[in-house]
Amino acid sequence: MHAVNIDGTNIHFRTAGQSSGMALVFVASLGTDWRSWERVADRFAGHCRLVFHDKQGHGLSDTATGPLRIRDHVRNLAGLLDELAISEAVVCGLSVGGMIALGLAAERPQAVRGLVLCDTGHRIGTDELWNRRIETVQAQGIEAIADGVLERWFSADFRAARPAETALWRNMLLRTPPEGYAATCAAIRDADFTAAARSLAMPALCLCGTQDLATPPELMRELSGLIPDSRYHDIPGAGHLAPVEHADEVGSHMQAFLEELAVV
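Since we're looking at a predicted model, the values are computed, not measured.

1. Describing the sheet that holds strand E3 (residues 23-27)
Strand pairing within a sheet occurs via backbone hydrogen bonds; the two strands may be parallel or antiparallel.
Now for step 1: Spatially, E1-E2-E4-E3-E5-E6-E7-E8 is the arrangement adopted by the eight strands of the open sheet, whose pairing is mixed. The open sheet has two edge strands with one neighbour each: strand E1 (2-6) and strand E8 (230-235). On average, each strand axis in the sheet is inclined to that of its neighbour by 25°, with strand direction left out of account.
Now for step 2: As paired elements, strand E6 (residues 112-118) and strand E7 (residues 204-209) share four bridges and run parallel to each other. Counted as the bridge partner of Cys118 is Leu207 from E7.
Now for step 3: Contacting E6, E7 and E8, helix H10 (residues 217-226) runs over the sheet at an angle of about 165° to E8.

Given below as structure tokens:
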């Protein structure tokens, strides 16, 4: 178990794969930990250095005592990369992890060789949506929203075919500290990367499950259109957590992208 303290916040992380070479940095979604990328990342363990972490308020990292901003998550990730002496990486972000990846690319463009943005957006949801969710979680706990979240995370086919695994993902969601969940909801609510996306100079791969109800394909296509050097692919049949539901297809698109970047 490994941790780094970033400005008083303890962040849990793990590394895998090669000890040298290009780093692939994976940033997870709201309500999940690093394991949301695990199946995809395994594909690249023989070629790259793999870096995972639990966002503040998630997993084993410190929780938040009040609202967070995306730049707080970006600061934690940047501090982790500094601690690991990683000067350049391909950053892979899922959902809010994609926003964190966009924030890092905007603040430290020299440190980001490329972006993999999966089921995310330059702006996600409305103030009303996030305020309602924050109020519900604070008053009733995450259990009150869990069924709806699972319906957005995974397609009906996945939930029917893999009920035991779906139950484990539900457990992960329920074990997220409500304070950490609500704080990151506030960070998403207040984030807008529309202008930042237009200014990015590094290449980006944008992927989205066709059954994603949280950040639907039209939002991802819009984000891809904002980034000057971007390519977009649907992940047919997948819900919001496409790297979990269709890891092989996500991995294949990433393989081609990383070959284009001469990373693998």
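What follows continues from the structure just given.
2. Examining the layout of surface pockets
Now for step 1: When its volume is computed, the largest pocket comes out at roughly 410 Å³.
Now for step 2: Taken together, the elements giving at least two residues each to the lining of the largest pocket come down to helix H1 (38-42), helix H7 (163-174) and helix H11 (242-245).
Now for step 3: Broken down by element, the lining of the largest pocket gets its largest block of residues, five residues, from H7.
Now for step 4: Of the residues belonging to the lining of the largest pocket, the class tally is seven nonpolar, seven polar and seven charged.
Now for step 5: Within this model, the second largest pocket holds a volume of roughly 270 Å³.
Now for step 6: Trp130, Arg133, Arg152, Ala214 and His240 are the residues nearest the centre of the second largest pocket, which is lined by 16 residues in total.
Now for step 7: Going through the elements one at a time, helix H4 (127-140), helix H5 (146-153) and helix H8 (178-189) are the ones with two or more residues in the lining of the second largest pocket.
Now for step 8: By residue class, the composition of the lining of the second largest pocket is ten nonpolar, four polar and two charged.

Procedures and definitions
Residues numbered from 1 in each chain as written. Predicted model: local features only at pLDDT ≥ 70, side-chain atom pairs only at ≥ 80, totals over all residues. Heavy atoms only, no water. Pairing = 2+ DSSP bridges. Helix = DSSP H or I, 4+ residues; strand = E, 2+ residues; numbered from the N terminus. Axes fitted to C-alpha atoms, helices over the stretch in contact; angles between N-to-C directions. Contact = heavy atoms within 4.5 Å. 1 Å grid on protein atoms, 1.4 Å probe; cavity = no way out; pocket = protein on both sides within 12 Å on 5 of 7 lines; lining within 4 Å. Points joined across faces, edges and corners; volume = space filled by probe spheres on them. Nonpolar A, V, L, I, M, F, W, Y, C, P; charged D, E, K, R; others polar.

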